[in-house]
Amino acid sequence: MINLGGAIVQYGISSYVWVSPFKDSDLAVLKKAKKFGFDIFEAAVETIGSFNPEYIRNKADEIGIKVYICGCFGATRDPGSENEKIRKEAIDYIKTCIDYATITGSPYVSGPMYATSGVAYLKSPEEKEAQMQRIVESLKIVGDYADSKGVKLAIEPLNRFETDVVNTVDEGLYLIDKIGGGPFGFLLDMFHMNIEEKSFSTAIKKAGSRLFDFHVCANNRGTPGEDHFDWKLIAKSLKKIDYKGPIVIESFTSGVKEIAKSASLWHPVAPSMDYLAQNGLSFLKKVMES
Ligand code: LER
Ligand code: MN
């Protein structure tokens, strides 16, 4: 944990870096995250029931690490689907993630909760509008639920190959405005921003106080720092908005299941995932503190 110009920044690592899906039997990765110096373990909820949030919270408390919750949006978790059963499944799933967050003490549930990840195709303006209405209706329901539990919802814009719904902060703001604000804000991910945003600093500034979670990696999803990003500018942009949320390293093993197509990681992007985690964290600490 470091002091970033008055704001406390905590470092996190996503469960996707090592395992898929994250399970009760994966305590070794919680311990490893702590040993490597992370403050937060961001657990992706790929399969409901693969881990018990009470059990994980207790073990994490013993280990001395926090557990935050990230949603994972496979084929049957689509709040804008024309199919009512699928919409209900998405709503129930997000509510379960909110319950998990209250149990583990996560301030948010983050992720691309507006649509199934990995689905992008051409739609007519009428289709888009109808889909948006269904998304807004579903997200209002989960927004009310999240509000009643004191949990924030961090919407993650994804790049154009992973969704045709929210690619940019501007589109996210449009959606949040349609929902009526509430507990909604952003998870911004450098991988997606690098493809979709004209400027990292402008995107971060536009998210402003609604930025709750920040995913980092190299431009190829590899080790932060082994890339062509202007990290000093990114650090400066986060300082400028007085960002207080976590900086979470996210990459994926090639064994990622629920969102394999979305992640599209078909070859290793670092010598090992431990290398990516350790070298990434030491780089981040240097650049954020400089
Ligand atoms: C999830 O956080 C993410 O960034 C996506 O690219 C994976 O579908
Ligand atoms: Mn991400």
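This text goes with the structure placed above it.
This report concerns the structure included in the present document. Everything quoted here is computed from the prediction, not taken from an experiment. (Residues numbered from 1 in each chain as written. Chains lettered and ligands numbered in written order. Predicted model: local features only at pLDDT ≥ 70, side-chain atom pairs only at ≥ 80, totals over all residues. Heavy atoms only, no water.)

## Details of the pairing of strand β6 (residues 152–155)
Logical step 1: As defined by bridge partners, strand β5 (residues 108–111) adjoins β6 across four bridges and the pair is classed as parallel. In the strand pairing of β6, G111 is matched with I155.
Logical step 2: Tracing the backbone out of β5, into helix α4 (residues 125–149) and back to the parallel element β6 gives a crossover that is right-handed.
Logical step 3: Here three bridges tie β6 to strand β7 (residues 184–189), and the two strands are oriented parallel to one another. Directly across from L153, in β7, lies its bridge partner F184.
Logical step 4: Handedness of the β-α-β unit built from β6, helix α5 (residues 169–179) and β7 comes out right-handed. (Pairing = 2+ DSSP bridges. Helix = DSSP H or I, 4+ residues; strand = E, 2+ residues; numbered from the N terminus. Right-handed = clockwise from strand over helix to strand, strands pointing away.)

## Side note on empty space enclosed by the protein
Logical step 1: Under the defined criterion, the tally for this structure stands at two cavities of 30 Å³ or more.
Logical step 2: Of the voids in this model, the largest cavity is the one considered here, and its volume is about 130 Å³.
Logical step 3: Along the walls of the largest cavity sit 18 residues, with P112, E156, E250, F252 and I259 positioned nearest its centre.
Logical step 4: When contributions to the lining of the largest cavity are tallied by element, the ones reaching two or more residues are β4 (66–71) and α9 (260–263). (1 Å grid on protein atoms, 1.4 Å probe; cavity = no way out; pocket = protein on both sides within 12 Å on 5 of 7 lines; lining within 4 Å. Points joined across faces, edges and corners; volume = space filled by probe spheres on them.)

## Re the site of ligand 1
Logical step 1: In the neighbourhood of ligand 1, the contacting residues comprise E156, L158, E162, D189, H192, H215, R221, E250, F252, I259 and S262.
Logical step 2: Between E162 and ligand 1, the recorded distance is 2.9 Å, taken from a side-chain N or O atom to an oxygen atom.
Logical step 3: A total of 250 Å² of accessible area belongs to ligand 1 in isolation, and the protein chains cover 98% of it.
Logical step 4: For ligand 1, the cavity whose grid points lie within 2 Å of the majority of its atoms is the largest cavity.
Logical step 5: Counted by class, the shell around ligand 1 contains three nonpolar, three polar and five charged residues. (Near = heavy atom within 4 Å. Polar contact = N/O pair within 3.5 Å; in protein donor to acceptor, adjacent residues only side chain to side chain. Areas by Shrake-Rupley, 256 points an atom, 1.4 Å probe, with all protein chains shown as cover. Sits in = over half its atoms within 2 Å of the grid points. Nonpolar A, V, L, I, M, F, W, Y, C, P; charged D, E, K, R; others polar.)

## Looking at the pattern of salt bridges
Two side chains of opposite charge can pair, provided their charged atoms sit close to one another.
Logical step 1: Using the criterion set out here, one finds twelve salt bridges in the structure.
Logical step 2: D274 is the partner of K32 in a salt bridge, and the nearest nitrogen-oxygen pair spans 2.9 Å. Here D274 lies in helix α10 (residues 273–289) and K32 lies in helix α1 (residues 27–36), a separation of 242 residues in the sequence.
Logical step 3: Classification of D274 by relative accessible area gives partly exposed; the value is 27%.
Logical step 4: Linking K123 and D164 is a salt bridge whose minimum nitrogen-to-oxygen distance equals 2.5 Å. Taken as a pair, K123 in the loop between β5 and α4 and D164 in the loop between β6 and α5 lie far apart in primary sequence, 41 residues in all. Residues K123 and D164 agree in their burial class; the two are buried.
Logical step 5: Connected through shared salt-bridge partners, D189, R221 and E250 make up one network. (Salt bridge = Lys/Arg side-chain N within 4 Å of Asp/Glu carboxyl O. Buried < 20%, exposed > 50% of the residue type's maximum accessible area, 1.4 Å probe, protein only.)

## Topic: the packing of helix α3 (residues 84–104) against α4
Logical step 1: Relative orientation of the contacting elements α3 and α4 amounts to 20°, with a least axis distance of 10 Å. Judged on the interaxial angle alone, α4 and α3 are roughly parallel. In this structure, the crossing between α3 and α4 has a hand that is right-handed. Across the interface between the two elements, R87, I91, I94, K95, I98, D99 and T102 of α3 pack against R134, S138, L139, I141, V142, Y145, A146 and K149 of α4.
Logical step 2: By residue class, the composition of the contact of α3 with α4 is eight nonpolar, two polar and five charged. (Axes fitted to C-alpha atoms, helices over the stretch in contact; angles between N-to-C directions. Parallel < 35°, antiparallel > 145°, perpendicular 65-115°, else oblique. Left-handed = near helix turned anticlockwise from the far one by under 90°. Contact = heavy atoms within 4.5 Å.)

## Some thoughts on the pairing of strand β3 (residues 40–45)
Logical step 1: By the criterion of burial, β3 is predominantly enclosed, with six of the six residues buried.
Logical step 2: Because side chains alternate across β3, one face comprises the buried residues I40, E42 and A44, and the other comprises F41, A43 and V45, equally buried.
Logical step 3: Relative to β4, β3 runs parallel, the two sharing six bridges. From the neighbouring strand, A43 faces β4, where its bridge partner is I69.
Logical step 4: In this region the chain leaves β3, passes through helix α2 (residues 53–63) and returns to the parallel neighbour β4; the handedness of that crossover is right-handed.

## Thoughts on the packing of aromatic side chains
Logical step 1: One pass over the structure, following the stated rule, counts eleven aromatic pairs.
Logical step 2: For the pair F73 and Y93, a centre-to-centre distance of 5.4 Å together with 90° between the ring planes defines the contact as edge-to-face. With a gap of 20 residues between them, F73 in the loop between β4 and α3 and Y93 in helix α3 connect regions that are remote in the sequence. Across the pair, Y93 and F73 agree in class, each one buried.
Logical step 3: Joined through ring pairs, the aromatic side chains of F22, F41, F51 and Y100 make up one cluster.
Logical step 4: A cation over an aromatic ring shows up here: K95 above the ring of Y145, its NZ or CZ 5.4 Å from the ring centre.
Logical step 5: Sitting over the face of the ring of Y121, K123 holds its NZ or CZ atom 4.6 Å from the ring centroid. (Phe/Tyr/Trp six-rings, centres within 6.5 Å; stacked < 30°, edge-to-face > 60°. Lys NZ or Arg CZ within 6 Å of the ring centre and 35° of its normal.)

Without other data, these values stay purely geometric and don't point to any function.
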